[in-house]
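Secondary and tertiary structure notes
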Amino acid sequence: MESGSRKNDDCYFYYYSTCTKGSECLFRHEPTALGCEVTCNLWQQGKCINSHCNLRHMLLKKNRKMIPCYWEMQPTGCTKPHCPFQHSVPRDNVATTEGNVSK
């Protein structure tokens, strides 16, 4: 990974909302890191070369598992299968197929 490249840094919108840029996005979209709230130590040192690292490549300043999910109480409910926020409704009721999740 070239020095200064953002492609190895996580896309905030991909992990916590919806990134509309897709493959044109300058930041990392790694499905195996969805729902993970652990920052990669190698990434913090600028040494992670694993393009499919399942740890986060973003500094996590909030414990999102302690913050209630805004979408859970909305009419449609939370539909993100890997939502990192706190839920009072069990997550096994969420559709997990790619066709039901907007990216």
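Here, the structure is the one placed above.
This write-up is about the structure you can find in this document. (Residues numbered from 1 in each chain as written. Predicted model: local features only at pLDDT ≥ 70, side-chain atom pairs only at ≥ 80, totals over all residues. Heavy atoms only, no water.)

1. Regarding the environment of Ile67
Secondary-structure assignment places Ile67 in the segment after α2 (41-44). By relative accessible area, Ile67 is classed as partly exposed at 30%. Along the primary structure Ile67 and Pro84 are separated by 17 residues, whereas in three dimensions their C-alpha atoms are 9.0 Å apart. Beyond its immediate chain neighbours, meaning those up to four positions away, Ile67 contacts Lys62, Phe85 and Gln86. (Helix = DSSP H or I, 4+ residues; strand = E, 2+ residues; numbered from the N terminus. Buried < 20%, exposed > 50% of the residue type's maximum accessible area, 1.4 Å probe, protein only. Contact = heavy atoms within 4.5 Å.)

2. Let's talk about the packing of aromatic side chains
Overall, the coordinates contain two aromatic pairs when judged by the stated rule. An angle of 90° between the planes, with centres 5.0 Å apart, marks the rings of Tyr14 and Tyr15 as edge-to-face. Of the residues examined, Tyr14 reaches a relative accessible area of 7% and is grouped as buried. Here Tyr15 falls in the buried class, since its relative accessible area comes to 3%. (Phe/Tyr/Trp six-rings, centres within 6.5 Å; stacked < 30°, edge-to-face > 60°.)

3. Observations regarding the pattern of salt bridges
Scanning all chains against the criterion turns up three salt bridges. A salt bridge links Arg56 to Glu37, with the nearest nitrogen and oxygen atoms 3.5 Å apart. Of this pair, Arg56 sits in the segment after α2 while Glu37 sits in the loop between α1 (12-16) and α2, and the two are 19 residues apart along the sequence. On the basis of relative accessible area, Arg56 is assigned to the buried category, the value being 1%. With relative accessibility at 22%, the residue Glu37 sits in the partly exposed group. (Salt bridge = Lys/Arg side-chain N within 4 Å of Asp/Glu carboxyl O.)

4. Considerations on the side chain of Asp10
Residue position: Asp10 is located in the segment before α1. Separated by 3.4 Å, the side chains of Asp10 and Tyr15 make a polar contact. Each residue touching Asp10, except ones within four places of it in the same chain, is listed here: Tyr15, Phe27, Arg28, Arg56, His57 and Met58. (Polar contact = N/O pair within 3.5 Å; in protein donor to acceptor, adjacent residues only side chain to side chain.)

5. Points about the environment of Tyr12
Mapped onto the elements of the fold, Tyr12 is located in helix α1. The spatial distance from the C-alpha of Tyr12 to the C-alpha of Phe27 is 8.5 Å, given a sequence separation of 15 residues.

6. Regarding the environment of Cys83
Note on placement: Cys83 falls in the segment after α2. Separated by 48 residues in the primary sequence, Cys83 and Gly35 have C-alpha atoms spaced 6.0 Å apart.

7. A word on the state of the cysteines
In the structure shown here, the tally under the stated rule is zero disulfides. No disulfide involves Cys48; its nearest neighbouring cysteine sulfur is the one of Cys40, lying 3.9 Å away. Looking at Cys48, the relative accessible area reads 7%, which means it is buried. In this model Cys53 remains outside any disulfide bridge; the closest cysteine sulfur is found in Cys40, 3.9 Å from its own. Judged by its relative accessible area of 7%, Cys53 is buried. (Disulfide = S-S within 2.5 Å.)

The values reported here are purely geometric and, on their own, carry no functional implication.
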